[in-house]
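# Per-entry structural report
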Amino acid sequence: MSNTLPFERPLASDRDKPDWQLAMKDLVSDPAELLSMLQLAAVERPASLAAQEAFPLRVPRAFVARMARGDWSDPLLRQVWPAVEETREQTGWVDDPLQEQAAALAPGILQKYPGRALLTAAPHCAIHCRYCFRRHFDYDANSPGRQAWEQSLESLRQDLSISEAILSGGDPLANSDRQLAWLVNQLEAIPQLHTLRIHTRLPVVIPARVTDALLDLLRESRLRVVMVLHVNHARELDADCEAAISRLRDAGLILLNQSVLLAGVNDSVAALRDLSERLFSTGILPYYLHLPDRVAGTAHFDVSEARGCELVAALRAGLPGYLVPRLVREIPGQSSKTVIA
Ligand SMILES: *Cc1c(COP(=O)(O)O)cnc(C)c1O
Ligand code: SF4
């Protein structure tokens, strides 16, 4: 698939590619290979071919390395395994529960909330999270070419009410540093913007993505840069992540985390407490804990609102307030995310 952001001559050979781009080309995408790496047998939980076809397995080797061997209940494995449960239809679980297709300001730009515009700046991710609310998103219809991007950015420039640009995707850091520099420079030239936010999972799943060129770009930007990472379980953060995160902090970024509350991954007080503490020791503050969106194929990850409230109350009783994420749900048509607890 081509990248969304335009204008780059392909590099002559892989030799010239940075490590993280090689890692992006060398993802684990064959369920049989993943199982053999983890010493698991497919007979117990075969991969669903239909799930594979709808949203193929995709997981970086650095992330697989953090999974336990021989354990089907591993919380990292559960986030990526194309399970048979995904093919069960469930009333109420639909392709576009957030009605995002209706929120387009211009091609590649969504605006749901006052003051903030979200740019779908990449059509793909380094990892496929089974519960993803954008797993059915029509990236082809929302992946403008260069001219269309320039027009979309022009409509952002015309809208004086927007002061924060949020790069999302897919994963915006799936773009090369040169592509990102182009986009960030375009945004810097829009006077009313003062904040650049980047929603990304890449520094966690492939820590080598935090390159010197990326750090220079963000450090030198006139925009205040907030990075919102996406970690669901303490075990996702290893020593390489810690080193990458500390470089991002040294570049002056504010680092926050959003998690999704997922059955069988982090729906216990112990898992959520460990996550908050691990985030903190890594230099990241918890921001949001999302109740799962009702996306078709993800009902087996659902956690009820009542259980979510119970978990957050227990966290609040045991942790400093700044380590308790806000439990939120996204309700279409509201002017912000809805805080549940
Ligand atoms: C979640 C979201 C935002 C950001 O909301 P915050 O509450 O500021 O984190 C912005 N735009 C869209 C479309 C979103 O889904
Ligand atoms: S990294 Fe984010 S956008 Fe990509 S699949 Fe995972 S949850 Fe979805």
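Just so it is clear, the model here is predicted, and its values are computed rather than measured. (Residues numbered from 1 in each chain as written. Chains lettered and ligands numbered in written order. Predicted model: local features only at pLDDT ≥ 70, side-chain atom pairs only at ≥ 80, totals over all residues. Heavy atoms only, no water.)

### Structural notes on the site of ligand 2
As a reminder, the rule being used: Throughout, near means a residue has at least one heavy atom within 4 Å of the molecule or strand. Any residue outside Ala, Val, Leu, Ile, Met, Phe, Trp, Tyr, Cys, Pro, Asp, Glu, Lys and Arg is labelled polar, Gly included; the first ten of those are nonpolar and the last four are charged.
Close to ligand 2 lie C125, I127, C129, C132, G170, R201 and H230, which account for all nearby residues. For the shell around ligand 2, the class distribution of residues is four nonpolar, two polar and one charged.

### So, the domain arrangement of the protein
Put simply, the rule is: Residue ranges assigned to each domain were obtained from an automatic or database domain assignment. Residue contacts are counted whenever heavy atoms from the two residues lie within 4.5 Å of one another. Computed with a 1.4 Å rolling probe, the buried area is the accessible surface lost when two parts are put together, summed over both parts. Any carboxyl oxygen of Asp or Glu within 4 Å of a side-chain nitrogen of Lys or Arg constitutes a salt bridge here. As used in this structure description, the phrase polar contact means that two N or O atoms lie within 3.5 Å; if the pair is within protein, one of them must be able to donate a hydrogen and the other to accept it, and residues adjacent in sequence are counted only when both atoms belong to side chains. Numbering goes from the N terminus for both helices and strands, where a helix is a DSSP run of H or I of at least four residues and a strand is a run of E of at least two.
We note that the domain assignment places domain 1 (18–87) and domain 2 (100–339) within the protein. Taken together, the contact pairs 30 residues of domain 1 with 36 residues of domain 2. Both faces considered, domain 1 and domain 2 share a buried interface measuring about 2700 Å² in area, 60% of it formed by carbon and sulfur atoms. Among the residues domain 1 hides against domain 2, the three largest losses belong to W20, F55 and Q79. Together they make up 30% of the total. Here domain 1 is connected to domain 2 by four salt bridges. With a shortest N-O distance of 2.8 Å, R130 and E86 are connected by a salt bridge. Counting every contact that joins domain 1 to domain 2 gives 18 residue pairs in polar contact (both at pLDDT 80 or more). Within the residue set of the side of domain 1 that touches domain 2, elements represented by two or more residues are α1 (19–25), α3 (49–54), α4 (61–64) and α5 (75–80). In terms of residue class, the side of domain 1 that touches domain 2 is made up of 20 nonpolar, three polar and seven charged.

### Observations concerning the site of ligand 1
Heads up, the condition is: Computed with the Shrake-Rupley method and a 1.4 Å probe, the accessible areas treat only the protein chains shown as cover for residues.
Taken together, the neighbourhood of ligand 1 is formed by K112, Y113, R116, L118, I166, R197, Y287, Y288, E330 and K337. Between an oxygen atom of ligand 1 and a side-chain N or O atom of Y287, the distance comes to 2.7 Å. Within the side chain of K337, an N or O atom sits 2.9 Å from an oxygen atom of ligand 1. Considered on its own, ligand 1 offers 380 Å² of accessible surface; in the complex 93% of this is hidden by protein. Elements supplying a minimum of two residues to the shell around ligand 1: β3 (116–120) and β8 (285–290).

### Here we look at the sheet that holds strand β1 (residues 104–106)
This is how the line gets drawn: In short, DSSP must find at least two bridges between two strands for them to pair. To get an axis, a line is fitted to the C-alpha atoms, and for a helix only the part in contact is used. The angle between two axes follows their N-to-C directions and goes from 0 to 180 degrees.
With mixed pairing, 10 strands are arranged side by side in an open sheet as β1-β2-β3-β4-β5-β6-β7-β8-β9-β10. Pairing within the sheet leaves two strands with one partner each, and these edge strands are β1 and β10 (338–339). Relative to strand β9 (residues 326–329), β8 runs parallel, the two being bridged by three bridges. Considered in β9, the bridge of H290 is made with V328. Packing of helix α11 (residues 269–282) onto the sheet brings it into contact with β7 (254–260) and β8, and relative to β8 it is tilted by some 145°.

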